[in-house]
Each structure stands twice: as structure tokens, then as C-alpha cells.
Amino acid sequence: MEKNSLRRLAGELKHFLQSRNEDEFIHTAAPTQAAAAVSRAPAGRVPPMQEDSTLRIDFPRAAAPQETPMPAPKPQEPLMTTAQKQAALQELAETIKQCSRCPLGATRINAVPGEGNVDTELMFIGEGPGYDEDRQGRPFVGRAGQLLDKMIIAMGLTREQVFIANIAKCHPMVDPQHPEKHGNDRAPNAEEIACCRKFLEKQIAIICPKYIVALGGVSAKALISDAKSLGALRGKFYNLHLDSVALPRPVEIIATFHPAALLRNPGWKKDAWKDLRMVMAKLGLKGPNN
Ligand code: SF4
């Protein structure tokens, strides 16, 4: 054979072998089902995708929306009989006497839970016991208490017909190192009020009066839950809402001056009397001679 013929034959053989390898590669590569479907489709029409489990991506399912948990309903105190009220208040008073939830418990002589008629329609609530109250374990028994007694009598009631209590049940002192000092009283601070508030709320819920007179700015702001000054809060009734318990029936609250403030500022008595007259009108009282 000629040299040129041999070279041409070798080239054709090489080309043949290369094309065989490419055919084998094409036919041994298994088509995916999706590719096979596309290849079977008539021209110009894309067939619907067949599900291929190997291609499926399982996205994590979004958690079902949770309903916002409702706050637990406040326990509602039932309207109690006189005997039930007396028993419940007595039990509460014993708890208060053992209490040391705030620092006032360490320096008091006596806790002062409060006292009065458990079936009354009217409660007076001050801010905290003072020197005399700490020694006697009774609310409003000092000079301010004597003025409060006169205010109650001017309304046509007696002390025994109403219930008197404070927001803090133990004596807040300016200088707790010297409890024997006179003029050592102060208002309870926010932390002390928050600690003691549950006791007062329970008392209010048990007695469930129709009206409350908040004596002084500290008591008014805490019970009306408004930071306005006493001057801005006075002169109207508010619906009372308690934090820890639902009242068995609506209770209204009005604010006036603390008797101790009236002793220091006798000119304010006229305005305090206006506030008490509003309560008297609600209760149908006409004064000492009604
Ligand atoms: S003021 Fe109230 S909370 Fe504080 S120790 Fe006395 S009873 Fe307890």
C-alpha cells in the first residue's frame, strides 16, 4: 500500500474510534425522568413537570400561628356575708402582722391592717401609719386621725360605720434607726406600695364598699393609677380598678386632702369639705342631723 493510503486509513480508524466512545457516553448516561419527559414532548409544548422525589425540596413548614395567650382572668371575689367578711379580714390581718415582704416590716412596732365596719358603703384610705398608729396598731389615731373623725361626723356618720385603712400597713420612717423620734414619718415609696398593695386590694374586694375616699396625693395616685397631682385628681369620681382581683361590683373612688395636710394648711378644709359633700350626695347623707 502507498504511504498516503496508509495515512488516510489510520485517520479514518481514529475518527471511528472517537465517535464510538462519544455514543457510548451518551447512551450510558441515564436520563432523569424530567429530561425524558421533555424529550417526549411534542415540539413547542412543555409537558407538566413530573414529580421527582430526588428533586423535591422539603421546606420546613411554618409553625401554625399561635393565638396570643390571654392573661389569666383575675380571681373574682364573691359578695360575702358579714361573718365571711369578718373571718376573711381577720385571716388577712394575721398574714399582714407576720409579713416582712418589704423593709418596713423590719422596723415597725405594730403592723396596722385597718379597722371598721365590714359591711360599710364607705372606706377611707390613707398612705401609711405614723408614730401613734405604729404604737397602737390602729389606723388614724393621732392628731390627723382625730381630724378625720370630725370629718366623718360632719358627714353624718361615725368612725364605727366606715372602714379605715392605709396603702402601706407598716410605719414608713425618715430615719428607721430612731423609731422613738417624733416627726419621723414619711409617705411609703413606690416599692413599698407595690409590695403591700395586694393586702389593700384584698381588703377592698372583701368589704366591697360603694365609695372610697383616697386621703392625700400618694393614696390617690396609687389607687386611681394616675400620676397627676392631687389638685388635678380631686373633684370627680373614678371607677376603681384593682391589679390583683376583680371586684364583685363597681366601686367609685374620689380623692381629697390628707387630714395631716389639712392640719398644716387649714385653708384647704373648705375644698376638702366640697369633696366630702360629693360623697354625701351619692350616699344620700345630709350631715350630722340627718
Ligand atoms: S408594709 Fe406591707 S409589705 Fe411591707 S412589711 Fe408591712 S405588711 Fe409587709
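Residues numbered from 1 in each chain as written. Predicted model: local features only at pLDDT ≥ 70, side-chain atom pairs only at ≥ 80, totals over all residues. Heavy atoms only, no water.

Enquirer: Could you clarify how one ought to interpret the packing of aromatic side chains in this entry?
Expert: Remark: the centre distance and the inter-plane angle together describe each pair of aromatic rings, the angle taken between the planes. Counted under the stated rule, the structure contains two aromatic pairs. Look at Y211 and F237: their rings are 5.8 Å apart centre to centre, the planes differ by 65°, and that puts the pair in the edge-to-face class. With a gap of 26 residues between them, Y211 in strand 4 (residues 211-215) and F237 in the loop between helix 9 (230-233) and strand 5 (238-239) connect regions that are remote in the sequence. Residue Y211 is classed as buried on the basis of its relative accessible area of 11%. Taking the relative accessible area as the measure of exposure, F237 reaches 17% and is therefore buried. Seen in terms of ring centroids, F257 and W268 are 4.9 Å apart; in terms of plane orientation they differ by 25°. Their pairing is stacked. You can see F257 sitting in the loop between strand 6 (252-256) and helix 10 (259-264) and its partner W268 sitting in the loop between helix 10 and helix 11 (269-283), a full 11 residues away along the chain. Positioned above the aromatic ring of Y131, the side-chain terminus of R135 is 3.6 Å from the ring centre. We note K282 situated over the ring of F237; from NZ or CZ to the ring centre the distance is 4.7 Å. (Phe/Tyr/Trp six-rings, centres within 6.5 Å; stacked < 30°, edge-to-face > 60°. Helix = DSSP H or I, 4+ residues; strand = E, 2+ residues; numbered from the N terminus. Buried < 20%, exposed > 50% of the residue type's maximum accessible area, 1.4 Å probe, protein only. Lys NZ or Arg CZ within 6 Å of the ring centre and 35° of its normal.)

Enquirer: How do you make sense of the pairing of strand 2 (residues 122-126) when you look at a structure like this?
Expert: For a regular strand, side-chain orientation follows a simple rule: the groups alternate between the two sheet faces. Burial analysis of strand 2 places five of its five residues in the buried class, which makes it a mostly covered element. With burial as the criterion, each face of strand 2 is covered, one bearing L122, F124 and G126 and the other bearing M123 and I125. Two elements, strand 2 and strand 4, share four bridges in a ladder whose sense is parallel. Opposite L122, over in strand 4, you have Y211 as the bridge partner. Pairing analysis gives four bridges linking strand 2 to strand 3 (residues 163-166), with the strands arranged parallel. Counted as the bridge partner of M123 is F163 from strand 3. (Pairing = 2+ DSSP bridges.)

Enquirer: What's the story with the site of the ligand in this structure? I'm lost.
Expert: Every residue lining the ligand is accounted for by I96, C99, S100, R101, C102, G105, R108, K169, C170, C195, C196 and F199. Judged by the proximity of its atoms to the pocket grid, the ligand belongs to the largest cavity. Per-element tally for the shell around the ligand: the top contributor is helix 7 (residues 190-207), with three residues. Classifying every residue of the shell around the ligand by side-chain character gives seven nonpolar, two polar and three charged. (Near = heavy atom within 4 Å. 1 Å grid on protein atoms, 1.4 Å probe; cavity = no way out; pocket = protein on both sides within 12 Å on 5 of 7 lines; lining within 4 Å. Sits in = over half its atoms within 2 Å of the grid points. Nonpolar A, V, L, I, M, F, W, Y, C, P; charged D, E, K, R; others polar.)

Enquirer: So what exactly am I meant to see when it comes to unusual backbone geometry here?
Expert: Trans is the prevailing form of peptide bonds, just as negative phi is the prevailing case for residues other than glycine. In this structure, F140 takes a positive phi of about 50° despite not being glycine. Mapped onto the elements, F140 comes out in the loop between helix 5 (131-136) and helix 6 (143-154). Taking the relative accessible area as the measure of exposure, F140 reaches 5% and is therefore buried. Residues other than glycine seldom take positive phi values, yet S225 does so here, at roughly 55°. Note on placement: S225 falls in the loop between helix 8 (217-224) and helix 9. A relative accessible area of 54% places S225 in the exposed class.

Enquirer: Just to check I follow, could you spell out the layout of surface pockets for this structure?
Expert: Gaps between atoms show up when a probe of the same size as a water molecule is rolled over them. Estimated volume of the largest pocket: approximately 700 Å³. Along the walls of the largest pocket sit 30 residues, with A144, D185, H258, A260 and R264 positioned nearest its centre. Of all elements in the fold, only helix 5, helix 6, helix 8 and helix 10 reach the threshold of two or more residues within the lining of the largest pocket. With four residues, helix 10 is the single largest residue contributor to the lining of the largest pocket. Partitioning the lining of the largest pocket into residue classes produces 13 nonpolar, 10 polar and seven charged. If you add up the space inside the second largest pocket, you get close to 200 Å³. Q86, L89, Q90, A93, K97, P113, G114, E115, G116, V118, F163 and Q203 together form the lining of the second largest pocket. Looking at the lining of the second largest pocket, the elements with two or more residues in it are helix 3 (82-98) and strand 1 (115-116). Per element, the largest residue contribution to the lining of the second largest pocket is five residues, and it comes from helix 3. (Points joined across faces, edges and corners; volume = space filled by probe spheres on them.)

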